[in-house]
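Fold and contact review
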Amino acid sequence: MQTSNAGRSQEGHFVQGLGLTSATTIVMGGMIGSGIFIVSADIARLVDSPALLLGAWIIAGIMTVIAALTYGELAAMMPQAGGQYVYLREALGPVWGFLYGWTLFLVIQTGTAAAVVVGFGKFLGVFLPSISSTNWILHIAHVPAIPLGPILLGNMDIGLNTQNLVAIVVVAILTAINVFGVKLGALVQNIFTFAKTVALLGLVGLGLFVARNAEAVAANFGDFWANAAWGTQHAVQVGMDGGTVLVGTIAILAIAQVGSLFSSDAWNNVTFTAGEVKDPKRNLPLSLALGTGIVILLYIAANVVYLMTLPLRGDPAAADVIGRGIQHAAEDRVGTAVMEVMFGGAGESLMAIAILVSTFGCANGLLLSGARVYYAMARDGLFFGAVGHLHPVHNTPSRSLIVQGIWTAVLCLSGTYSQLLDYIVFAVLIFYILTVASVFVLRKKRPNAERPYSAFGYPVLPALYIIMALYIDLMLLLYKPQYTWPGLFLVLAGIPVYLFWKRSRSSLNSSSSS
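Residues numbered from 1 in each chain as written. Predicted model: local features only at pLDDT ≥ 70, side-chain atom pairs only at ≥ 80, totals over all residues. Heavy atoms only, no water.

The secondary structure content of the protein chain amounts to 21 helices and 6 strands. What you see for the protein chain is a C-alpha radius of gyration of 22 Å, in line with the 24 Å of a compact globule of 514 residues. C-alpha extents for the protein chain along the principal axes are approximately 75 × 55 × 45 Å. Expressed as a percentage of the 514 residues in the protein chain, the buried residues total 57%. Residue pairs in contact within the protein chain that sit at least 24 positions apart in sequence constitute 79% of those at least 6 positions apart. Summing over all exposed atoms, the protein chain offers an accessible surface of approximately 19,600 Å²; the carbon and sulfur share of this is 67%. (Helix = DSSP H or I, 4+ residues; strand = E, 2+ residues; numbered from the N terminus. Rg over C-alpha atoms; globule rule 2.2 N^0.38 Å. Buried < 20%, exposed > 50% of the residue type's maximum accessible area, 1.4 Å probe, protein only. Contact = heavy atoms within 4.5 Å. Areas by Shrake-Rupley, 256 points an atom, 1.4 Å probe, with all protein chains shown as cover.)

Here we come to the pattern of salt bridges. Here the structure, examined in full by the defined rule, presents 11 salt bridges. In this structure, the salt-bridge partner of Lys281 is Glu450, at a minimum N-O distance of 3.2 Å. Placement of Lys281 in helix H12 (residues 280-309) and of Glu450 in the loop between helix H18 (425-445) and helix H19 (460-479) is noted, with a sequence separation of 169 residues between them. The network of salt bridges with shared partners includes Arg89, Glu90, Asp380 and Arg446. (Salt bridge = Lys/Arg side-chain N within 4 Å of Asp/Glu carboxyl O.)

Okay, the pairing of strand E5 (residues 234-237) next. Taking every second residue as pointing to the same face, the buried face of E5 carries His234 and Val236, while none of Ala235 and Gln237 on the other face is buried. Taken together, the 4 bridges between E5 and strand E6 (residues 244-247) define a ladder with antiparallel strand orientation. Within the sheet, the bridge partner assigned to His234 lies in E6 and is Val247. (Pairing = 2+ DSSP bridges.)

Let's shift gears to the packing of helix H4 (residues 84-92) against H18. Viewed as axis vectors pointing N to C, H4 and H18 meet at an angle of 50 degrees, and their least axial separation amounts to 9 Å. With respect to H18, the element H4 is oriented oblique. Here H4 and H18 pass one another in a crossing that is left-handed. Of H18, the residues touching H4 (which contributes Gln84, Tyr87, Leu88, Glu90, Ala91 and Leu92) are Phe431, Tyr432, Leu434, Thr435, Ser438, Val441, Leu442 and Lys445. (Axes fitted to C-alpha atoms, helices over the stretch in contact; angles between N-to-C directions. Parallel < 35°, antiparallel > 145°, perpendicular 65-115°, else oblique. Left-handed = near helix turned anticlockwise from the far one by under 90°.)

Moving on: the packing of aromatic side chains. What describes a pair of aromatic rings is the distance from one ring centre to the other and the angle between the planes of the rings. Evaluated as defined, the whole model comprises 22 aromatic pairs. Both rings, one in Phe120 and one in Phe360, keep their centres 5.9 Å apart while their planes meet at 50 degrees; by these two values the pair is tilted. In this pair, Phe120 is assigned in helix H5 (residues 94-124) and Phe360 in helix H15 (residues 346-379), connecting sequence segments 240 residues apart. The same class applies to Phe120 and to Phe360, which are both buried. Taken together through their ring pairs, the aromatic side chains of Phe105, Tyr374, Phe383, Phe384, Trp407, Phe500 and Trp501 make up a single cluster. Residue placement shows Arg443 over the ring face of Tyr458; its charged tip is 3.8 Å from the ring centre. (Phe/Tyr/Trp six-rings, centres within 6.5 Å; stacked < 30°, edge-to-face > 60°. Lys NZ or Arg CZ within 6 Å of the ring centre and 35° of its normal.)

On to unusual backbone geometry, then. In this structure, the amide linkage connecting Tyr458 to the following residue, Pro459, adopts the cis form with an omega of 0 degrees. Within the secondary structure, Pro459 is located in the loop between H18 and H19. Positioned with a positive phi, Ala266 is a non-glycine residue whose angle comes to about 80 degrees. Tracing the chain through its elements places Ala266 in the loop between helix H10 (257-263) and helix H11 (269-272). A positive phi is found at Glu331, a non-glycine position, where the angle reads about 55 degrees. Of note, Glu331 is situated in the loop between helix H13 (321-324) and helix H14 (334-343).

Now the structure itself:
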């Protein structure tokens, strides 16, 4: 059996400061960002059906919960810092663990954090208009659009403006908080996750019982199954500027997962912190099940509220939110449109406050958890050696947190994070497939290993997840190549880097032996 130093340090040990509540808020806090308030507009335009809008979120929910229940077995079996990186390393070999960690550091975790904190700056601008992406402090360059087959690169501004300055300050504050102890980071996570969960519950409660719109209810639920028959053909544009093709209902639901499935992402972050969870063999599987289950129910309920408040279809040129509907909500901000129906002009400000709370808590969870993966990689000799040490007083991966914060700030300045996140959607799903498959691999490789928790529904549900995820990836390859090939190239670029780290470690070990 392969062993590793991940999760241990000569200077000390991780502090097991995360109970079930904190572990669950890491799951929920990572999932709830701003996506739930925005992506339903794009999904609605794609599926053009109330039933399929809800169907897209239900499918995402089913897949997320199945994956979380499956990860629970791995988390209870290997409660080490690094989580998913460790599972891939142990089941499939170190190169697969490294490729995941490489992509996580380069784009997945840091790019998501950059997008979230820039979103924080954007919505803070609702109250402080001087905070804006056009208010430049230092404008370095504009990169023109560069068409590359079905992909569009560039078309971004590089430099420091007041919006990304706020984002960088937030990254610095949260990095410092998490350096000073996992309990402090968990306290911040608990406060902001509870706050945004209450806000989302408030939106759902008001929408279901107070602010329902008879016109929207009649339009959406009176013709609920419109365009949802098995034989219905849906128009899809291939690539960024390709032609339009017709696909069936199952295919359009798969393509729509770009929005719903990845707005439900980051639930796996709690596994990265496994070395700091109390009674991890119990609390990790339980937090994964509770966290994903609660958030998915809230997401589906929120979309029911959208359909009860706004008509699905609308006119992009309409003067009010009812006229624009879900499909053409201003800047896709469906949540804001619903709040405007409920509270008039104050709705925008109330939603901005909710998103500020949501994004701050989400960013904290991303930064807290991600650093544990790079720490584990460094302990395996696959990242900068200095990152593989804990703070001598606070027992946190302080150097890993700082390196992560610096790279996140660079992405904020570069303006590339949004494109990068679009490009790795396909690759992220591949890593989920590989990790779920690791349960099957480890059942064969280590049949006698202690498994405090066994994957619910094994082998049927994990196999179902793999089949569904592979079908989604196939549809993205065929119809949304801009979300696939760049991410694959990015992952594969990690292979020579892995070989470099491996060779460097071998050379170091040889020198030490001599």
